[in-house]
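One letter stands for each residue in the lines below.
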Amino acid sequence: MPNLRFLKRIHSCPVESANGMNIPGDDTDGSASNEEKNAFFAYYKSTGIPHPSTWGDCPIKHLEGDDALSESTDNTISSLATSRSSELDVRANCPVFLAPSSRVPDMKFHHSPMYGIDGSLCKSIPMDGTPVSVSSPLFEGVMVNRVKGMGDEKYFDGRRRSFQWTLQGKFKRRIRFDHLVTGQDLGRPFRNVPNVGFIDKGLHLLKGRLPDVFESRLAGDKPKFEHAIINGCQHFRVEDPNQKGAIFNLMTDAEDGNIVEENSLLNDASVPKDGEKRKKYFAKLENLVKFHYETEYVYTFNFYANFFNMAKYSFELTPFVSIDLAPFFNGYPIYMAMLKDTSADENIIATEIWHKRLLDYDQKPGLLARIFANKKVR
């Protein structure tokens, strides 16, 4: 529910408009084609995400106090600034929307500008590096998200990175390292898909080079791939809030988005202090099972990637070659950030990156994608 000081500025969510978007209602006939189309849009309709025609302009200029971070319920988490002004250009027709995943019950982002007076979701989770506090039944902390083209271009200047997310906070349940995973978990089979059987076979051949905790099942009704977050994130920190010294602050210590590795509290000299070497160390199950995420510590995970362009929903192989991915996902979004406890099969934190073109039912893959298709595209 939004803070009362914002109610004078945010009265309600924009009214849905069907302009340019062919999203069917619930009263379509029961023909096979309409059943398929309704299934395509079913998850989107269940999420409460506003209609794409209302996503508005992005990034927003001169947010001033509206970009304030609500106070965290745990004062051991970074004490972040309460406001952050921006000198960003307004861009019309924002193509992407970062949303809390409905697959994490009772997860809340405490950021008033996202919500209307009735508590409904109106605006995206910030994608410009603004810290936002987040809570779920199993986690309490702060998240920062950056998407290239959606603000904070200074972070991406001179880098091949296309997105970044950083999560800092405390777990509410003790979890073993091999059980805390990240990845993708889609609720619908791929559509117009490349030969996923071939991809699965390729991953099987690469088994010796992949982490021990790596599960991939791309063919089937619910494609997924998951791996332990500790051997996937580029930077990792563990800190004791009861020790002297301030906790690493995502605003003042990492305003530029750069996180410093710190894992001394694992109390094991065999764990490398360098991020890349730490990832290789924890690629082995025998190393993962020795450690737990403890409830009294504050953990920071920093993850970024180079090849997936979220603003375009494309896989950028080179500066000149890209594959459009939107037609493959069958109306389902991918996770931007995700943490899952596999011991309980329970999502802890998850955000979904939506693109307007994900909701184009009649969209077809491009030429390059069709060349490698498993069957004739629809």
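Residues numbered from 1 in each chain as written. Predicted model: local features only at pLDDT ≥ 70, side-chain atom pairs only at ≥ 80, totals over all residues. Heavy atoms only, no water.

1. Observations regarding the overall build of the protein chain
- Counting its regular elements, the protein chain contains six helices and 17 strands.
- Contacts spanning at least 24 positions in sequence make up 71% of the contacts within the protein chain whose residues lie at least 6 apart.
- As displayed, the protein chain offers around 18100 Å² of accessible surface, 51% of which is attributable to carbon and sulfur atoms. (Helix = DSSP H or I, 4+ residues; strand = E, 2+ residues; numbered from the N terminus. Contact = heavy atoms within 4.5 Å. Areas by Shrake-Rupley, 256 points an atom, 1.4 Å probe, with all protein chains shown as cover.)

2. Observations concerning the confidence of the model for the protein chain
- Model confidence for the protein chain is summarised by a mean pLDDT of 78, while 72% of its residues fall at 70 or above.
- Taken together, the stretch residues 1–12 has pLDDT below 50 and engages in 27 contacts with residues farther than four places along the chain or on a different chain. (pLDDT = per-residue confidence, 0-100.)

3. Here's the deal with the side chain of Lys224
- Relative to the helices and strands, Lys224 is located in strand E9 (residues 224–228).
- A relative accessible area of 11% places Lys224 in the buried class.
- Look past the residues within four positions of Lys224 in its chain and what remains in contact with it is Gln184, Asp185, Glu215, Ser216, Arg217, Leu218 and Lys340. (Buried < 20%, exposed > 50% of the residue type's maximum accessible area, 1.4 Å probe, protein only.)

4. Here we look at the nonpolar core
- Phe171, Phe236, Tyr293, Phe301 and Trp354 are the most contacted members of the largest nonpolar core, which has 77 residues in total.
- Looking at this core, the element that brings in the most residues is strand E16 (residues 334–341), giving six residues.
- Setting aside its immediate chain neighbours within four residues, Tyr293 contacts Phe171, Arg173, Arg174, Ile175, Arg176, Phe177, Leu180, Ile229, Ile230, Phe236, Tyr299 and Phe301.
- If you look at the next biggest cluster of nonpolar residues, it comprises six residues, including Val142, Val144, Leu250 and Ile259. (Core = buried A, V, L, I, M, F, W, Y, C linked by side-chain atoms within 4.5 Å.)

5. Quick notes on the pairing of strand E15 (residues 321–324)
- For strand E14 (residues 314–318) and E15, the ladder comprises four bridges, and the chain directions are antiparallel. When the sheet's bridge partners are listed, Ser314 is paired in E15 with Asp324.
- Remark: two residues form the turn of the hairpin made by E14 and E15, two consecutive strands paired antiparallel. (Pairing = 2+ DSSP bridges.)

6. So, the packing of aromatic side chains
- All told, the structure shown has 28 aromatic pairs when counted by the stated rule.
- Ring centres of Phe282 and Phe291 lie 5.5 Å apart, and the angle between their planes is 80 degrees; this geometry places the pair in the edge-to-face category.
- In this structure an aromatic cluster arises from ring pairing among Phe139, Phe171, Phe177, Phe236, Tyr281, Phe282, Phe291, Tyr293, Tyr297, Tyr299 and Phe301.
- The cationic tip of Arg146 hangs over the ring face of Tyr155; the distance from NZ or CZ to the ring centre is 5.0 Å.
- The ring of Tyr304 has Arg161 lying over it, and the distance from NZ or CZ to the ring centre is 3.5 Å. (Phe/Tyr/Trp six-rings, centres within 6.5 Å; stacked < 30°, edge-to-face > 60°. Lys NZ or Arg CZ within 6 Å of the ring centre and 35° of its normal.)

7. A look at the pattern of salt bridges
- According to the stated counting rule, one finds 16 salt bridges in the structure shown.
- Across the salt bridge formed by Lys224 and Glu226, the nearest N and O atoms sit 3.6 Å from each other. Each of the two residues, Lys224 as well as Glu226, counts as buried.
- Residue Glu261 pairs with Arg278 through a salt bridge whose shortest N-O separation is 2.9 Å. Here Glu261 is found in the loop between strand E10 (235–239) and helix H4 (275–281), whereas its partner Arg278 is found in helix H4, with 17 residues between them in sequence. This pair shows no difference in class: Glu261 is buried, exactly as Arg278 is.
- Each of Asp185, Lys224, Glu226, Lys340 and Asp345 takes part in one network of salt bridges that share partners. (Salt bridge = Lys/Arg side-chain N within 4 Å of Asp/Glu carboxyl O.)

8. Some details on the environment of Leu358
- Considering the arrangement of structural elements, one finds Leu358 in the loop between strand E17 (346–355) and helix H6 (367–371).
- By relative accessible area, Leu358 is classed as buried at 1%.
- For Leu358, the residues in contact, after removing those within four places along its chain, are Phe40, Tyr313, Ala326, Phe329, Gly331, Tyr332, Pro333 and Ile353.

9. Considering the side chain of Gln168
- The residue Gln168 is located in strand E5 (residues 163–171) in this model.
- Since its relative accessible area comes to 0%, Gln168 is described here as buried.
- A distance of 3.1 Å separates a polar atom in the side chain of Gln168 from a polar atom in the side chain of Thr300. (Polar contact = N/O pair within 3.5 Å; in protein donor to acceptor, adjacent residues only side chain to side chain.)

10. Things to note about the sheet that holds strand E4 (residues 139–147)
- Spatially, E2-E3-E4-E5-E12-E10 is the arrangement adopted by the six strands of the open sheet, whose pairing is antiparallel. Whereas interior strands pair on both sides, the edge strands pair on one side only; in this sheet they are strand E2 (108–110) and E10. The average undirected angle you get between the axes of adjacent strands in this sheet is 20 degrees.
- As defined by bridge partners, E2 adjoins strand E3 (residues 132–136) across three bridges and the pair is classed as antiparallel. By the bridge assignment for E3, His110 is matched with Ser133. (Axes fitted to C-alpha atoms, helices over the stretch in contact; angles between N-to-C directions.)

11. So, the sheet that holds E15
- The antiparallel open sheet is built from three strands, whose spatial order is E13-E14-E15. The open sheet terminates on both sides in strands that have one partner only, identified here as strand E13 (308–309) and E15.

12. A word on a nonpolar patch on the surface
- Taken together, the side chains of Phe307, Phe315, Leu317, Phe320 and Val321 define a hydrophobic patch exposed on the protein surface, amounting to about 480 Å² of accessible area.
- Within the secondary structure, Phe320 is located in the loop between E14 and E15.
- Phe320 gets classed as exposed once you look at its relative accessible area, which sits at 79%. (Patch = residues over 30% accessible without salt bridge, like charges linked within 9 Å, V, L, I, M, F, W, Y side chains within 5 Å.)

13. Focus on the pairing of strand E1 (residues 96–100)
- For E1, a buried count of five out of five residues is recorded, marking the element as mostly surrounded by other parts of the structure.
- Burial along E1 is two-sided: Val96, Leu98 and Pro100 and Phe97 and Ala99, pointing in opposite directions, are all buried.
- Where E1 lies against E17, five bridges are found, and the strand directions are antiparallel. Following the sheet pairing, Val96 is matched in E17 by His355.

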